[in-house]
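Below, each chain spelled out in residue letters.
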Amino acid sequence: MTKFLFTAMTTTPEGALKHIGGGSLLIAWQLDGKRVLIVGGGVVASQRIESILTTDASIFLLAPSDGLIARTRRLIELYPDHVSHLDRTFSGPEEIHNMDMVLTAIDDAEKSRQIVLMCRAAKIPVNAADIPDLCDFYFGSQIRDGPLQIMVSTNGKGPKLTALIKNRVQESLAGVEGDAIMKVGALRKKLKERAPGIGGPIGQQRMKWMSAVCEQWKMTEFTQLDEEMIEKLLDEGWNKKRVPTIEEVGGYRLYAEDGASFPLNVGLSSIIAFCAGAIVTVSVFILRQRR
Ligand SMILES: C[C@@]1(CC(=O)O)c2cc3[nH]c(cc4nc(cc5[nH]c(cc(n2)[C@H]1CCC(=O)O)[C@@](C)(CC(=O)O)[C@@H]5CCC(=O)O)C(CC(=O)O)=C4CCC(=O)O)c(CCC(=O)O)c3CC(=O)O
Ligand SMILES: NC(=O)C1=CN([C@@H]2O[C@H](COP(=O)(O)OP(=O)(O)OC[C@H]3O[C@@H](n4cnc5c(N)ncnc54)[C@H](O)[C@@H]3O)[C@@H](O)[C@H]2O)C=CC1
């Protein structure tokens, strides 16, 4: 099945056309400086706050104090610069005025529907936790590691399964990806300084070289990059139109596999040291017993 989906994404347009419709657009929505209204203060609202806190949006949490669960209350206390509590029940269309996004998470389906319709009239994107059919977009199960963001969605068909599939994806990660991406980001920034310009032949060359480096280096090798090594990688690589190895830029090939959590050389020497220590301890113990 996975293969099938990949095929649809990567082969000819005719192949992709077979799978048109029925899905959602998966995008990373930038909310910097935007105003997000969350209506409700229960379990789902607290999850919504946590999701939106990963962005740079201003959150307005509209719910009566006596309906807040402890987690929501705590989030309001912890992040006063990001979350403003509006202590009341939803009163009418003026509540959505100037909002860029609205999320309802209330235990009142009729009110939720009314809020959605108000948002629709005002052209404000809206998610109603209890009415999938009326949502402009769905939430999904998320994995986050710095700039790495992975979302699993079943398009409203099986929310619990999203969490289980997310766990499987999480298990397949080495835990170094976020760090590696940060370093790749720093490398791309320096490359653009060295070879500036948007598009054109220089843009093509930059993309080709960056893609080649990403393909040939391991994730764990990227994590070693510091400013000095980045300069060397650009001197020896970009300037000479080739991809140097990690050793050539002053790093070392530490890991047997991307997922290995200890350096091979340190790992081996630790094992030898451990075995030697164990032999000495056992010998001393046996000698003492004999006396
Ligand atoms: C359509 C959608 C709208 C939206 O909320 O955006 C929606 C709708 C509904 N969920 C309901 C139930 C449950 N939702 C969860 C959990 C999650 N639900 C999430 C998303 C979504 N839920 C959107 C579609 C996502 C998709 O399919 O890809 C997750 C992924 C993200 C998040 O909410 O942040 C988060 C897991 C996060 C994580 O753990 O990683 C659990 C399990 C649990 O709580 O442990 C249950 C109980 C078990 C079950 O029903 O599966 C019901 C009530 C159904 C009823 O009354 O029977 C409705 C309304 C309905 O379906 O009518
Ligand atoms: N999308 C999802 O993942 C899930 C959705 N749900 C649905 O989400 C909804 C919320 O679930 P929970 O957070 O568990 O509910 P909850 O009962 O814990 O919280 C409801 C909150 O809404 C507030 N509220 C009610 N009417 C309000 C109004 N008019 N104005 C402002 N605040 C109001 C209450 O004070 C309370 O804080 C339910 O309809 C539930 O069926 C439930 C589980 C998962």
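Residues numbered from 1 in each chain as written. Chains lettered and ligands numbered in written order. Predicted model: local features only at pLDDT ≥ 70, side-chain atom pairs only at ≥ 80, totals over all residues. Heavy atoms only, no water.

## Points about the UniProt feature "domain: Siroheme biosynthesis protein Met8 C-terminal" (unreviewed entry) in the chain
Worth spelling out the cut-off: UniProt positions are given in the numbering used here, feature names are shortened, and annotations may be inferred rather than shown by experiment. Helix and strand definitions here come from DSSP, where helices need a minimum of 4 consecutive H or I residues and strands a minimum of 2 consecutive E residues; each element is numbered from the N-terminal end.
UniProt's entry tags residues 178–244 with the feature "domain: Siroheme biosynthesis protein Met8 C-terminal" (unreviewed entry), counted in the numbering of this structure. The span residues 178–244 is 75% helical and 0% strand by assignment, and the distance between its end C-alpha atoms comes to 23 Å.

## Considering the pairing of strand 1 (residues 35–39)
The cut-off we apply is this: Note on exposure labels: buried denotes an accessible area under 20% of the residue type's maximum, exposed denotes more than 50%, and partly exposed covers the range between, all computed with a 1.4 Å probe on protein chains only. Strand pairing is assigned whenever DSSP identifies at least 2 bridges connecting the two strands.
Of all five residues that make up strand 1, four are buried, and the element is covered over most of its length. Taken together, the five bridges between strand 1 and strand 2 (residues 58–62) define a ladder with parallel strand orientation. Bridge assignment links Arg35 to a residue of strand 2, and that residue is Ser58. Sheet analysis places strand 1 next to strand 4 (residues 101–104), joined by four bridges and oriented parallel. Directly across from Val39, in strand 4, lies its bridge partner Thr104.

## Observations concerning the site of ligand 1
Under the convention used in this document: Whether a residue is near a molecule or strand depends on its heavy atoms: it is near if one of them lies within 4 Å of it. Polar contact is the term for a pair of N or O atoms within 3.5 Å; when the atoms are in protein, one must be able to donate a hydrogen and the other to accept it, and sequence-neighboring residues count only if both atoms are side-chain atoms. Each residue gets one label: Ala, Val, Leu, Ile, Met, Phe, Trp, Tyr, Cys and Pro are nonpolar, Asp, Glu, Lys and Arg are charged, and the others, such as Gly, are polar. Residue ranges assigned to the domains are those given by an automatic or database domain assignment.
What surrounds ligand 1 is a group of 19 residues, the closest being Arg48, Phe139, Ser141, Thr154 and Gly156. Within the side chain of Ser141, one N or O atom sits 2.7 Å away from an oxygen atom of ligand 1. Between ligand 1 and the protein, one listed contact pairs an oxygen atom with a side-chain N or O atom of Thr154 at 2.5 Å. The element contributing the most residues to the shell around ligand 1 is helix 6 (residues 159–171), with five residues. When its residues are assigned to classes, the shell around ligand 1 shows six nonpolar, nine polar and four charged. Residues lining the shell around ligand 1 come from more than one domain, with at least three contributed by each of domain 1 (29–139) and domain 2 (140–173).

## Re the sheet that holds strand 1
Which entries qualify depends on this criterion: To get an axis, fit a line to the C-alpha atoms, keeping to the stretch in contact for a helix; angles then go from 0 to 180 degrees between the N-to-C directions.
Strand order in the open sheet formed by five strands is 3-2-1-4-5, and the pairing between neighbours is parallel. On the outer flanks of this sheet lie strand 3 (83–86) and strand 5 (126–128), each paired with one strand and no other. Shown here is a sheet whose adjacent strand axes are inclined to one another by a mean of 15°, direction ignored. Relative to strand 5, strand 4 runs parallel, the two being bridged by three bridges. Within strand 5, the position partnered with Val102 by the bridge is Val126.

## Thoughts on the pairing of strand 6 (residues 141–145)
Where strand 6 meets strand 7 (residues 148–152), five bridges bridge the pair, whose relative direction is antiparallel. Residue pairing for strand 7: Ile143 is matched across the bridge by Ile150. Following strand 6, the chain reverses through two residues before pairing antiparallel with strand 7; Gly146 in that reversal takes a positive phi of roughly 60°.

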